Amino acid sequence: MTDLRRRYVERIRRDGAPLSPQLSEAFASVPRELFVTEGFQRRDGTWARPGSAGFLERVYSNDVLVTKVDGGVPVSSSSQPSLMAIMLAALAVQPGDRVLEIGAGTGYNAALLTALGARVTTVDVQDDVVARARAALQRAGVEGVRVVAGDGYAGVPNEHFDRVIVTVGVAGLSPHWLAQAESPRPGPIVVPVEHAGTHPVLAVHCAASGSDVAGPGVVTGRVVCSSGFMTAAGPLTARHPGAHPHPVPATALTAFRPAAPSRWEHSLDSLAYRDLWYAAGVWSTRATHAAVPGRDGSTLILLDEEGTGGAAILPDGMVLAGGAQEREYAAAAAGIVDRWEAASRPPMQAWRITLARTGDSATPIWCPTAWDLVD
Ligand SMILES: C[S@@+](CC[C@H](N)C(=O)[O-])C[C@H]1O[C@@H](n2cnc3c(N)ncnc32)[C@H](O)[C@@H]1O
């Protein structure tokens, strides 16, 4: 087991997570298998249970472990360890910090937080998930975590926290988190916020105290990394005026054909393609992703209003287009590639994001509304 965890920590580091000595120690000391004792879904759809072949190897791999599925859709999991590590590093937890986590899931991330010295309150909307997380934390002998059942939109009323971490994809931040993230040494709110069909993780700061739920303070954020979280239930995923379309399945799209030739001899690598994707989401509210018929994998597209056509931008800069407005969409897609090139291919971390209160007046959320290139 010691070897397994040592290799696990090395793998997380190799996959690009910045592991401080404290974070390494946290991943090395918390027994992840005790948080998935009811098993997890393998890629082929079967379930791995404790004792089954390869169980511990998967537990100590750098993989997400899907622990609950509803109607074929994953609804709870232990996130990918390197993503957890990057998010925990961005949270910059200090010993003694009060941390609010939204999305208790298995309880494993909360246990890592306590290993970093935090006192954790973690909220999950599913009662059975809450019960399992409590049992897992007890089984692992973890103290200092309170698991609360409820919609994370409310945070924990009448309490305050030094840090907030959200481990489920949202359309925007709850004003309650801004109000509750009030502390003499406030840290960032680390949160995956929908953008062009994905969930880049943002580190969000509030310039003024968020003591008013209406929130007059200036709320800004920077991208920490890309991610593909499952989406939250309830008002946290409300549609809002700046929302991008949801990704569409391949079967929804009409035939796409070449509209502009490839632009680069060497295709963008996956990181650069995500940077272009992020910029496309800044410059077009129609940016999202889809499996374009006849092509493998997921592609950045500008989806038309019909939801069946538009224009796709491939990693080599080629534009494919289809549907009734294919010419307009192809021109917009080519314009985005031009603009990204002219701006010297900014990475997603180069954008300063301003968030504003929007959405339903009874359950508003704070969403990205303006972007500036700052480096
Ligand atoms: C990716 S899992 C969280 C992983 C978890 N932090 C861990 O270490 O295992 C996402 C969780 O968010 C929960 N969730 C979804 N919508 C929510 C909401 N509105 N409020 C609170 N939790 C929510 C789901 O029930 C699910 O358990």
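Residues numbered from 1 in each chain as written. Predicted model: local features only at pLDDT ≥ 70, side-chain atom pairs only at ≥ 80, totals over all residues. Heavy atoms only, no water.

*Asks:* A description of helix H9 (residues 326–342) should follow, citing residues and the corresponding values.
*Replies:* For H9, with 17 residues, the first-to-last C-alpha span of 24 Å sits near the 24 Å given by 1.5 Å per residue. Those residues of H9 not exposed but buried are Glu326, Tyr329, Ala330, Ala333, Ala334, Ile336, Val337 and Trp340. Across the axial projection of H9, the buried residues extend over an arc of 150°, all falling on one side. Seen from the open side of H9, the exposed residues pointing more than 90 degrees away from its buried face are Arg327 and Ala342. (Helix = DSSP H or I, 4+ residues; strand = E, 2+ residues; numbered from the N terminus. Expected span 1.5 Å × (residues − 1). Buried < 20%, exposed > 50% of the residue type's maximum accessible area, 1.4 Å probe, protein only. Arc of directions from axis to C-beta.)

*Asks:* So, the site of the ligand: which residues are in play, and what are the values?
*Replies:* The environment of the ligand is made up of 27 residues, and the closest members are Ser76, Thr106, Asp124, Gln126 and Gly152. Between the ligand and Glu101, the relevant distance is 3.1 Å, taken from a nitrogen atom to a side-chain nitrogen or oxygen of the residue. In this structure, Thr167 approaches the ligand through a side-chain N or O atom, which is 3.0 Å from a nitrogen atom. Starting from 610 Å² of accessible surface for the ligand in isolation, the protein chains cover 98%. Those elements that place two or more of their residues in the shell around the ligand are strand S4 (73–78), strand S5 (98–102), helix H5 (108–115) and strand S6 (119–124). (Near = heavy atom within 4 Å. Polar contact = N/O pair within 3.5 Å; in protein donor to acceptor, adjacent residues only side chain to side chain. Areas by Shrake-Rupley, 256 points an atom, 1.4 Å probe, with all protein chains shown as cover.)

*Asks:* I'd like a description of the confidence of the model for the protein chain, backed by residues and values.
*Replies:* Averaged over every residue, the pLDDT of the protein chain is 94; residues scoring 70 or more account for 97%. Considering only residues more than four positions removed or in separate chains, one finds that residues 209–214, a stretch of pLDDT under 50, has 10 contacts. (pLDDT = per-residue confidence, 0-100. Contact = heavy atoms within 4.5 Å.)

*Asks:* Which residues make up the pattern of salt bridges, and what values do they have?
*Replies:* Pairs may arise between side chains of opposite charge once their charged atoms sit close together. Applying the stated criterion across every chain yields a total of 16 salt bridges. Glu159 is paired through a salt bridge with Arg146; the nearest N and O atoms lie 2.8 Å apart. Here Arg146 lies in strand S7 (residues 145–149) and Glu159 lies in the loop between S7 and strand S8 (163–166), a separation of 13 residues in the sequence. Owing to a relative accessible area of 26%, Glu159 belongs among the partly exposed residues under this scheme. When its relative accessible area of 36% is taken as the criterion, Arg146 is described as partly exposed. (Salt bridge = Lys/Arg side-chain N within 4 Å of Asp/Glu carboxyl O.)

*Asks:* I'd like to hear about the sheet that holds strand S12 (residues 257–260), residue by residue, with values.
*Replies:* Read from one edge to the other, the open sheet built from five strands follows the order S12-S16-S15-S14-S13, with strand pairing classed as antiparallel. Strands with a single pairing partner mark the edges of an open sheet, and in this sheet they are S12 and strand S13 (287–290). Pairs of neighbouring strands in the sheet enclose a mean axial angle of 40°, with direction left out of account. In this structure, S13 lies alongside strand S14 (residues 299–303), joined through four bridges in antiparallel fashion. Residue pairing across strands places Ala287 opposite Leu302, the latter belonging to S14. (Pairing = 2+ DSSP bridges. Axes fitted to C-alpha atoms, helices over the stretch in contact; angles between N-to-C directions.)

*Asks:* Break down the packing of aromatic side chains for me, with residues and values.
*Replies:* A full pass over the atoms with the stated rule returns seven aromatic pairs. Here Tyr8 and Tyr60 contribute two aromatic rings whose centre-to-centre distance is 5.0 Å and whose plane-to-plane angle is 80°, an arrangement assigned as edge-to-face. Taken together, the positions of Tyr8 in helix H1 (residues 2–14) and Tyr60 in the loop between helix H3 (55–59) and strand S3 (65–70) put the pair 52 residues apart, joining distant regions of the chain. No difference in accessibility class separates Tyr8 from Tyr60, as the two residues are buried. Relative to Trp277, the ring of Tyr273 has its centre 5.7 Å away and its plane inclined at 75°; by these criteria the two rings are edge-to-face. Of this pair, Tyr273 and Trp277 both sit in helix H8 (residues 270–283), four residues apart, which is roughly one turn of that helix. A single burial state applies to Tyr273 and to Trp277, both of which are buried. Connected via pairs of aromatic rings, a cluster forms that spans Tyr8, Phe27 and Tyr60. The ring centre of Trp264 lies 4.9 Å from the NZ or CZ of Arg345, which sits over that ring. (Phe/Tyr/Trp six-rings, centres within 6.5 Å; stacked < 30°, edge-to-face > 60°. Lys NZ or Arg CZ within 6 Å of the ring centre and 35° of its normal.)

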